[in-house]
Amino acid sequence: MLSIRNLKASINGKPILKGINLEVKAGEVHAIMGPNGSGKSTLASVLAGREIFEVTGGEVILEGKNLLEMSPEDRARLGVFLGFQYPIEIPGVSMVNFMKTAVNEIRKYRGLPLLSSSDFLKMMREKKEMVEIDSQLTNRSVNEGFSGGEKKKNEIFQMAMLEPKLAILDETDSGLDIDALRIVANGVNKLKRPDNATIVITHYQRLLDYIVPDVIHVLYNGQIVKTAGKELALELEEKGYDWIKKEYAV
Amino acid sequence: MSEVIKKSLVNDELVDAFRKNSSVIFEQTPDFINKLRDANFNEFEKVGLPTKKNETYKYTDIESAFFGAYKRQYSPQPLTIDIREVFTCDVPELENHLMLVNGWFYDKENKLKVLPNGAIIGSLIEATKKFPEIVEKHYGKYIIEQNDSLSMLNMSFAQDGLFVYVPKGVVIEKPIQLINLIVATEELMVQPHNLIIAEEDSSVSVVICDHSLNPHAFLLNSTTEVMAGKNSKLEIYRQQNAHDHSVQLTNTFILQKESSYVNSVYITLHGGTVRNNLYVKLSETHAQNKSYGLWLADKNQHIDNNTFIHHAAPNCESNQLYKGILDNASTGIFSGRILVDRLAQKTIAFQSNKNLLMTNDAKTRSKPQLEIYADDVKCSHGSATGQLDEDAMFYLRQRGISKKEACHLLMLAFADDVINKISVAPLRDEITGLVEKRLRGELSRCNRCKVNCG
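Bear in mind the structure is a predicted one, so any value in this text is a computation, not a measurement.

Colleague: Help me understand the overall build of chain A, please; the structure alone is not making it clear to me.
Modeller: In terms of regular secondary structure, chain A is built from 8 helices and 12 strands. Principal-axis analysis of the C-alpha atoms gives chain A an extent of 55 × 40 × 35 Å. Counting the 250 residues in chain A, one finds 42% classified as buried. Residue pairs at least 24 apart in sequence account for 70% of intrachain contacts in chain A once pairs closer than 6 positions are excluded.

Encoded structure:
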């Protein structure tokens, strides 16, 4: 479904990603772990099309389409969803208006009829229940005045609304207490389908108690240095990242 | 023709026009108005239109704005169209849609209404005939900044305008709307004078909508005087929606007495050259003033908002928020001055100006000024100009929203906190819709206009 080959990217001339290779099949959950500064968030941003990063080599193919040639909005319409590490507050843009615009732009791109207001509101209600988000949150401006936990839950709610093919969750667990973590993880698990895939980027093993990955990758110094099954997470939790750093020191 | 000659011609033309037509002008208004007319004209003749050497008019060339083949109507001219036919306002809950056409009230039977509660609403000329003692007590008394020559010019030529008188203790629930319409087959200069008097413990909302029905150039030099009596509550909304060939100059003078509350919101949707002056004097304790403005400009439009809030008594509060969205090669200007007298202890005064520049060619100038002579006050002012937030843009686009639509949503969001200061819900909804259309570059007509003027 997703195929990343020798992806290289830099910011202000400084290379961050130094040849990433990754294959994700439909129905799979992949976790990407690694120490701070290894390039995890950069990878997420580059996949989503953030323009401050310059792609200097490689390719990213999602269901036969080259993502790197597409605008961020076209990638989103194709089915790429980025759960932001720091969701942006946008005062003055209501959640309802934001989501309605997004859902209908995506439907338009996919050749589906636009949702009427009543159908849209019904869909919102269902998805809110599904991901256990406080219904008051959607009456406010996008993320404005939300707590850290509310912002992350709101990301999962948006994911539920947009039904992506490929969801990339960038440190969605950071700053969450255990209850919020459980709600976020449950949301992700409920949204899992045989025809979609999820990449979970995390620093800690904790999230992986709730979202069980099929494959774990360790990103270090801009490259994937280790790929294994879910047991790798426990090993990392126990031993930290130092042994990886030693093993792959440049 | 050189600029200098042009400019002296503009002043000469105004002076000549006044002299030539003085008998017609004077015969329609009583002596007490004509005395002020004379005094203002004599003063205007000495000083002329504001020049760019005048610090408060530094960035707006008023003299050039007056240069045009403007005609003036010294008495109401017959209308060729039925105005109620071609222009109706759809906003529910607004009271009786008064209409000033080219500066005149036309409605024969309804020129001036006296409501059962004693409130008087309608034509200023009519009010000078039926209630001369009330008009005389207030007319021209609230021109706080005496040296503004645009208001002198207005006082020289002004005849009709909106008159609102709310007696002591009277609350008018539904907002009063004045549609200030320019309908002409030639270039017109129109100078109405509005007088809004709210006596002690009264409450009223006034909505003034400036519109034009055809694409001819016009110049509107409007003066509005407002007196907010003790404990009164006033809402004043003005919506300016004309076209690229319009010059819209407004002077609003507000005098506030003890514990009065005035909320004013100016929304400039469309104008060629716009200059809005707002002068507020908080003359007695515990008065509260809120003044807001939003302007949207594109092409080569020029929109200038100037405020002066004078804290002349202790324990008063003022709050200002002015925002501009500037596209293409347009120019926006905000200049705001807060003056706190030595006596005005415990003053609370805030002022904020924010501008959004959509292109590299759009310009904005911002001049916030605080002048404080008291030592126990809480005042602040700030100004920020920038472009759309990149992070917010990316966030919206990552959800599938196009760049254009994301831009649009963020511009609307920027405008939102000024629009939200309109407390009349149907009006707020209407304005939101108009701003939305305007930002999309669509024609933001707010009426069912049957005149096909392009």
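Colleague: Quick question: what am I supposed to make of the overall build of chain B here?
Modeller: Scanning chain B from N- to C-terminus turns up 11 helices and 21 strands. Relative to the compact-globule value of 22 Å for 454 residues, chain B shows a C-alpha radius of gyration of 21 Å, a close match. Expressed as lengths along the three principal axes of its C-alpha atoms, the size of chain B is roughly 65 × 55 × 50 Å. Residues classed as buried in chain B amount to 50% of the 454 residues present. In chain B, 83% of the contacts between residues at least 6 apart in sequence involve partners at least 24 apart.

Colleague: Sorry if this is basic, but what is going on with the interface of chain A and chain B here?
Modeller: Reports often express the size of an interface as the amount of accessible area lost when the parts come together. Opposite the 19 residues of chain A that make contact, chain B presents 18 residues. For the side of chain A that touches chain B, the class distribution of residues is 12 nonpolar, 3 polar and 4 charged.

Colleague: Please explain the sheet that holds strand β1 (residues 2-11) of chain A as it appears in this structure.
Modeller: Backbone hydrogen bonds are what pair the strands of a sheet, in a parallel or an antiparallel way. Residues and elements named next belong to chain A. Overall, antiparallel pairing links the 4 strands, which are arranged β2-β1-β4-β5 in an open sheet. With one partner strand each, in any of the chains shown, β2 (14-24) and β5 (65-66) form the two edges of the open sheet. Sheet analysis places β1 next to β2, joined by 8 bridges and oriented antiparallel. Within β2, the position partnered with S10 by the bridge is P15. Along the sheet, helix α1 (residues 40-48) contacts β1, β2 and β4 (54-62); its crossing angle with β2, the most-contacted strand, is approximately 75°.

Colleague: What exactly am I supposed to notice about helix α11 (residues 425-439) of chain B here?
Modeller: It helps to recall that an α-helix has 3.6 residues per turn; residues three or four apart then point in one direction. Residues and elements named next belong to chain B. Taking 1.5 Å per residue, 15 residues should reach 21 Å; α11 reaches 21 Å between its end C-alpha atoms and fits that length. Within α11, the full set of buried residues consists of L427, E430, I431, L434, V435, R438 and L439. Projected down its long axis, α11 carries its buried residues within an arc of 160°, all on one side. Relative to its buried face, α11 has exposed residues pointing more than 90 degrees away, namely A425 and G433. The elements touched by buried residues of α11 are β9 (203-212), β11 (233-241), β13 (261-270), β15 (288-297) and α10 (403-419).

Colleague: Help me understand the environment of H30 of chain A in this model?
Modeller: All names here are of chain A. For H30, the position within the fold is in strand β3 (residues 29-33). Taking the C-beta count within 10 Å as the criterion, H30 has 21 such neighbours and is therefore assigned buried. If sequence neighbours within four positions are ignored, H30 has contacts with V24, I199, P213, D214, V215 and H217.

Colleague: What is the right way to read the confidence of the model for chain B from this model?
Modeller: Parts of the prediction with low pLDDT should not have their coordinates interpreted in detail. All names here are of chain B. When pLDDT is averaged along chain B, the result is 92; 94% of the residues meet or exceed 70. Confidence over residues 448-454 falls short of pLDDT 50; this stretch has 14 contacts with residues more than four positions distant or in other chains. Reported for the predicted complex are a pTM of 0.90 and an ipTM of 0.96.

Colleague: What should I look at first to understand unusual backbone geometry in this one?
Modeller: Residues apart from glycine generally show negative phi values, whereas peptide bonds are mostly found in trans. In this model, N143 of chain A sits at a positive phi of 60°, which is unusual for a non-glycine residue. Tracing the chain through its elements places N143 of chain A in the loop between β8 (141-142) and α5 (148-162). One non-glycine residue with positive phi stands out, namely H286 of chain B, at about 60°.

Colleague: Explain the packing of helix α3 (residues 31-47) of chain B against helix α8 (residues 149-157) of chain B here, please?
Modeller: For any two helices packed against each other, the geometry comes down to the angle between their axes and how far apart the axes lie. Residues and elements named next belong to chain B. Between α3 and α8, the least distance of the axes is 8 Å, while the angle of their chain directions is 135°. In terms of their interaxial angle, α3 and α8 are classed as oblique. Viewed along their axes, α3 and α8 form a crossing whose handedness is left-handed. Contacts between α3 and α8 involve L36, R37, N40, F41, E43, F44 and V47 from the former and S149, M152, L153, M155 and S156 from the latter. Of the residues belonging to the contact of α3 with α8, the class tally is 7 nonpolar, 3 polar and 2 charged.

Colleague: What should I look at first to understand the sheet that holds strand β9 (residues 166-170) of chain A in this one?
Modeller: All names here are of chain A. Strand order across the open sheet formed by 6 strands is β6-β9-β10-β3-β11-β12, with mixed pairing between neighbours. The outermost strands of the open sheet, each flanked by one partner alone, are β6 (80-83) and β12 (223-228). This sheet shows a mean twist of 20° between the axes of neighbouring strands, independent of strand direction. Of the pairings in the sheet, the one linking β9 to strand β10 (residues 197-201) comprises 5 bridges and is parallel in character. Across the sheet, residue L169 finds its bridge partner in β10, namely V200.

Colleague: Which parts of the structure should I look at to understand α1 of chain A?
Modeller: Residue and element names in this part refer to chain A. α1 sits mainly inside the fold: 8 of its 9 residues count as buried. Among the residues making up α1, those that are buried are K40, T42, L43, A44, S45, V46, L47 and A48. Positive phi shows up at G49, right after α1, with a value of about 100°.

Colleague: Even after reading the chapter, I still don't get the nonpolar core, so can you show me in this structure?
Modeller: The nonpolar side chains of a soluble globular protein tend to be buried, and buried together. Within the largest apolar cluster, 193 residues are counted, with the highest numbers of intra-cluster contacts made by I168 of chain A together with V164 of chain B. Ranked by residue count, the leading element in this core is α10 of chain B, at 8 residues.

Colleague: Sorry, what's going on with the environment of E23 of chain A here?
Modeller: Residue and element names in this part refer to chain A. Within the secondary structure layout, E23 lies in strand β2. By the C-beta count within 10 Å, which is 13 here, E23 ends up partly exposed. A sequence separation of 104 residues divides E23 from K127, and the C-alpha atoms of the two residues are 30 Å apart.

Colleague: When you look at the packing of helix α3 (residues 95-109) of chain A against α5 of chain A in this model, what are you seeing that I'm missing?
Modeller: Residue and element names in this part refer to chain A. It is at 10 Å that the axes of α3 and α5 come closest, and there the two elements cross at 35°. When you trace α3 past α5, the crossing you get is right-handed. Two secondary-structure elements touch here, α3 through M99, A102, V103 and I106 and α5 through Q158, M161 and L162. Of the residues that constitute the contact of α3 with α5, the class distribution is 6 nonpolar, 1 polar and no charged.

Colleague: Where do I start with the environment of I236 of chain B in this structure?
Modeller: Residue and element names in this part refer to chain B. Secondary-structure assignment places I236 in strand β11. The spacing of I236 and V206 is 30 residues in sequence and 5.0 Å in space, taken between C-alpha atoms. Beyond its immediate chain neighbours, meaning those up to four positions away, I236 contacts V206, V226, V262 and S264.

Criteria and cut-off values
Residues numbered from 1 in each chain as written. Chains lettered and ligands numbered in written order. Predicted model: local features only at pLDDT ≥ 70, side-chain atom pairs only at ≥ 80, totals over all residues. Helix = DSSP H or I, 4+ residues; strand = E, 2+ residues; numbered from the N terminus. Buried ≥ 20, exposed ≤ 12 C-beta atoms within 10 Å, placed from the backbone. Contact = placed C-beta atoms within 7 Å. Rg over C-alpha atoms; globule rule 2.2 N^0.38 Å. Nonpolar A, V, L, I, M, F, W, Y, C, P; charged D, E, K, R; others polar. Pairing = 2+ DSSP bridges. Axes fitted to C-alpha atoms, helices over the stretch in contact; angles between N-to-C directions. Expected span 1.5 Å × (residues − 1). Arc of directions from axis to C-beta. pLDDT = per-residue confidence, 0-100. Parallel < 35°, antiparallel > 145°, perpendicular 65-115°, else oblique. Left-handed = near helix turned anticlockwise from the far one by under 90°. Core = buried A, V, L, I, M, F, W, Y, C linked by C-beta atoms within 7 Å.

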